[in-house]
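Secondary and tertiary structure notes
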Amino acid sequence: MFDPGNPKVDQAAALQKFQRLVTPHPWLRRSRSLQQNRLVNNIASTLSLDAWIQSDDENAFHKKNLGINFLCMHPDKEGNATTDPNSKPDISVASRYQEIFMDLVVMKHSLRVMGSRFILDPRFSANLSESDKSFKDHIIKFLDTMPEEAKKSAAWDEMNENLLNNLGLDTDNKNKEYTVTSLGNMRPRSKSQSQSQSPSAPKPTKAKSPSPPAAPNTTPTPGHVFIVNNSVCFMYVDAFLAPVDFMPSQTRLPAGTIHTAWRHQLAERDPQLFNELMPTKTKKDLRDDPQHKLARFYKNWPFDRFKADMLKAIPLIVLGHVGFNVGKLNPEEHVALLMETVSDFVALTIKHLRSIDYKPLARKKKYVLALPVLGTGYGNATDITGDVLEAILKLSSRLVAENDDLDIVLTCADSATFCMAQSFRRNMMKEDENLWPSFRQLKGDDSSNNKLRDAAELAALAAKKKLSIFIGAGVSIGAGGLSWFALLEKIEMDFQSPPSLQNKYKGKDDSALLVADELDNMCAGPDTKNVTKSLKTRIADLCNRPFPSLLMALLASLQPRGAITQNYDFHAEIALNNVNIAKRTRTETVSIIPYSPIKGATTWLLKMHGCVSAKDDIVITKEDFDRFEESRLKANGGLLQAELMTSHMLFVGFSMTDANYLRIISEVRAALNKDCDSKPHSKSQSNSTAVAGNATARAPTP
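Predicted, not measured: the structure shown is a model, and the values here were computed from it.

1. As for the overall build of the chain
Per the secondary structure count, the chain includes 25 helices and 14 strands. Here the chain holds 702 residues, and 57% of them are scored as buried. Total accessible area on the chain is roughly 29000 Å²; 51% of this is exposed by carbon and sulfur atoms.

2. Some remarks on the packing of aromatic side chains
For the coordinates displayed, the defined rule picks out six aromatic pairs. Ring centres of W301 and F306 lie 6.1 Å apart, and the angle between their planes is 75°; on these two criteria the pair is classed as edge-to-face. Given a relative accessible area of 4%, F306 falls into the buried group. Measuring from ring centre to ring centre gives 5.4 Å for F303 and Y358, while their planes differ by 85°; the resulting arrangement is edge-to-face.

3. Here's the deal with the packing of helix α10 (residues 385–402) against helix α11 (residues 415–431)
In contact at an axis separation of 10 Å, α10 and α11 are set at 50° when each is read in the N-to-C sense. When the interaxial angle is binned, α10 and α11 end up oblique. By crossing handedness, the relation of α10 to α11 is classed as right-handed. Residues T385, G386, L389, E390, L393, K394 and S397 of α10 form the contact with α11, whose participating residues are T417, M420, A421, F424, R425 and M428.

4. Points about the layout of surface pockets
Space inside the second largest pocket adds up to approximately 1100 Å³. Secondary-structure elements contributing two or more residues to the lining of the second largest pocket are α6 (257–269), α7 (271–277), α8 (303–308), α14 (484–492) and α17 (535–543).

5. So, empty space enclosed by the protein
Here the structure, examined in full by the defined rule, presents five cavities of 30 Å³ or more. Taken together, 12 residues line the second largest cavity, and the ones lying closest to its centre are G481, L482, L542, C543 and R545. Residues of the lining of the second largest cavity, tallied by class, amount to six nonpolar, four polar and two charged.

6. Structural notes on the sheet that holds strand β9 (residues 406–412)
Ordered by their spatial adjacency, seven strands build an open sheet running β3-β9-β8-β4-β7-β6-β5, and the pairing between neighbours is mixed. A strand with exactly one partner marks an edge of an open sheet, and here the two such strands are β3 (225–229) and β5 (286–287). Where strand β4 (residues 239–244) lies against strand β7 (residues 316–321), six bridges are found, and the strand directions are parallel. From the neighbouring strand, A242 faces β7, where its bridge partner is L319. Docked against the sheet, helix α9 (residues 331–355) engages β4, β5, β6 (295–298), β7, β8 (367–372) and β9, running at close to 155° with respect to β8. Strands in contact with α10 are β3, β8 and β9; relative to β9, the strand with the most contacts, it is inclined by about 165°.

7. Remarks on the nonpolar core
With 139 residues, the main nonpolar core has F101, M102 and F240 as its most contacted residues. Here the element with the most residues in this core is helix α2 (residues 91–113); it accounts for 11 residues. Excluding its chain neighbours within four sequence positions, the residues that come into contact with F101 are L47, L71, M73, L442, K451, D454, A455 and L458. By size, the runner-up hydrophobic cluster in this structure holds 24 residues, among which are L487, I491, M522 and I620.

8. Observations regarding the environment of L128
Along the chain, L128 falls in the loop between α2 and α3 (130–144). By relative accessible area, L128 is classed as buried at 1%. Considering only alpha carbons, one finds L128 and G386, 258 residues apart in sequence, at a separation of 9.2 Å.

9. Looking at the pairing of β6
Of the pairings in the sheet, the one linking β5 to β6 comprises two bridges and is antiparallel in character. Looking across to β6, one finds that R287 is bridged to F297. As paired elements, β6 and β7 share three bridges and run antiparallel to each other. By the bridge assignment, F297 is partnered in β7 with V318.

Rules behind the numbers
- Residues numbered from 1 in each chain as written.
- Predicted model: local features only at pLDDT ≥ 70, side-chain atom pairs only at ≥ 80, totals over all residues.
- Heavy atoms only, no water.
- Helix = DSSP H or I, 4+ residues; strand = E, 2+ residues; numbered from the N terminus.
- Buried < 20%, exposed > 50% of the residue type's maximum accessible area, 1.4 Å probe, protein only.
- Areas by Shrake-Rupley, 256 points an atom, 1.4 Å probe, with all protein chains shown as cover.
- Phe/Tyr/Trp six-rings, centres within 6.5 Å; stacked < 30°, edge-to-face > 60°.
- Axes fitted to C-alpha atoms, helices over the stretch in contact; angles between N-to-C directions.
- Parallel < 35°, antiparallel > 145°, perpendicular 65-115°, else oblique.
- Left-handed = near helix turned anticlockwise from the far one by under 90°.
- Contact = heavy atoms within 4.5 Å.
- 1 Å grid on protein atoms, 1.4 Å probe; cavity = no way out; pocket = protein on both sides within 12 Å on 5 of 7 lines; lining within 4 Å.
- Points joined across faces, edges and corners; volume = space filled by probe spheres on them.
- Nonpolar A, V, L, I, M, F, W, Y, C, P; charged D, E, K, R; others polar.
- Pairing = 2+ DSSP bridges.
- Core = buried A, V, L, I, M, F, W, Y, C linked by side-chain atoms within 4.5 Å.

Structure (structure tokens):
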């Protein structure tokens, strides 16, 4: 139930109730051995968007040793009425600030855990430092001289799995594309490029049309280039690039792995839109732009229909040409042509969206465009993957600096490429402090409000597999979803307008459950369109959205050992399953508890309050909560409690002023409070009452 600034919620009263629930237990901190680190001092951290929490305020929650770190996700509190609990922060700005914060956490985590994932990967041989090259040469020499008899040892299998694979060596020869552009058949490089490990972004070889004029600067925050380990076509962004080959001799729609997968998915999910976009199934279905010949999108894309109802909008797919004649190109020329495709994609997309006044999706203030490491899959650029990566990062950094209404997401389809991209970014930031200026905003204005330090501590916890994530409805809002109250209100409007139930129960305990109960009764009969569907069916229909948010993709890129959600949608499992998607093995699995548990899975996801695929399990009304207490789902609460006692829990997408949030705090306190009451001065890790309450303090969320 993520409703920051909702006038129908008494913010001050909710905050006071929260404080009353947790302040009786100021001993909820971890053992002394962890108290040298401020963030891991406590058992949990919450990224707060909907309340001003100043670090220098003596009444701030985190000053009361509540076992919870409240990390305020607001870049600028100056001039705001922070002492007023009913003040309304700019949630769209705070949400983006939160995404930038998580991008930094992900970068620091990947450099700690996967900092050498690319060393033995043939795609990055030309981009290694001298020390990495020396290390690689000695490892290869060691492997070449190892006798076959030694490889029969169990120790060899363990080294294969735990060391060599982590260094990027494909011991099972799974990477079939390496046979096309193997190390022994790499294209010759110019002297200047072969001597440089950090080639500059190549300049286009043809005359380019001027970039579209930048939109007026409506926000002080600079553009940002995000990096995620996920699929480019399964993320809720304004547009994404699908690499294809515009072969002049062919009339059919251009081929490409991403484009083909997207078409199949669209045909299954929305056959009407599929037929609308592709009536001829040929190139005639695409719109040509003479100024941007390397990028095209479907001419029948329903922009007007999506503008009328943004809940139905999906990311725009833009096809970009990568089918260049590699035999006639050296690496520098090939990279330059690929960057022309990126430039055409960004310029064409931004120009068109601005011209039709198409607002950014998910109520954002900037357009978010996603692109893969194009050409490095089946585009014959595998041998120059490192060069393409760095060129994309440099070009993207320039583009977001030139267009103040633009963010770019670089999606890496495998962990080695993702790690190499993060390494390039770190080196680029060291060489030019003006790059990624958004990260500098995280430093804060004093030592107690330093998000750079907080990001490093969370990354360290994740690297040690001591970080679990609790996903709230706010994460799905970034995917175009609805907050809890907005969801109920939209359903109510099917029966009566204007909606009145939330005002009717305002200020009452369990107001959200009372609204849900009355809506459940309404749904027993027909709505204004004479359609009869149960409340749970209507909720499942509204929550069944296939594209996870950028924030969810960032959280999945952390590769946590486990995650917990009370959301009903598929976003968490989609994002977690798309990590390392290009190289994913059968052993890299996600166990969805309780619906599809997998023993020995590398990651698990606990869905506490049901799923759109199991509508009967959805927990939403008071009767559902009562039944939940006695159902099999309640037993899963033990997993949550165990995580709170053995790991640091990061809560993302929650509101601290949610009535049901507070209700569950009280319930979990009652379940876990025995040790705290009997040992009021204990500092053991099991004393996690308030934190556990905050963990499960989540209304049944969409």
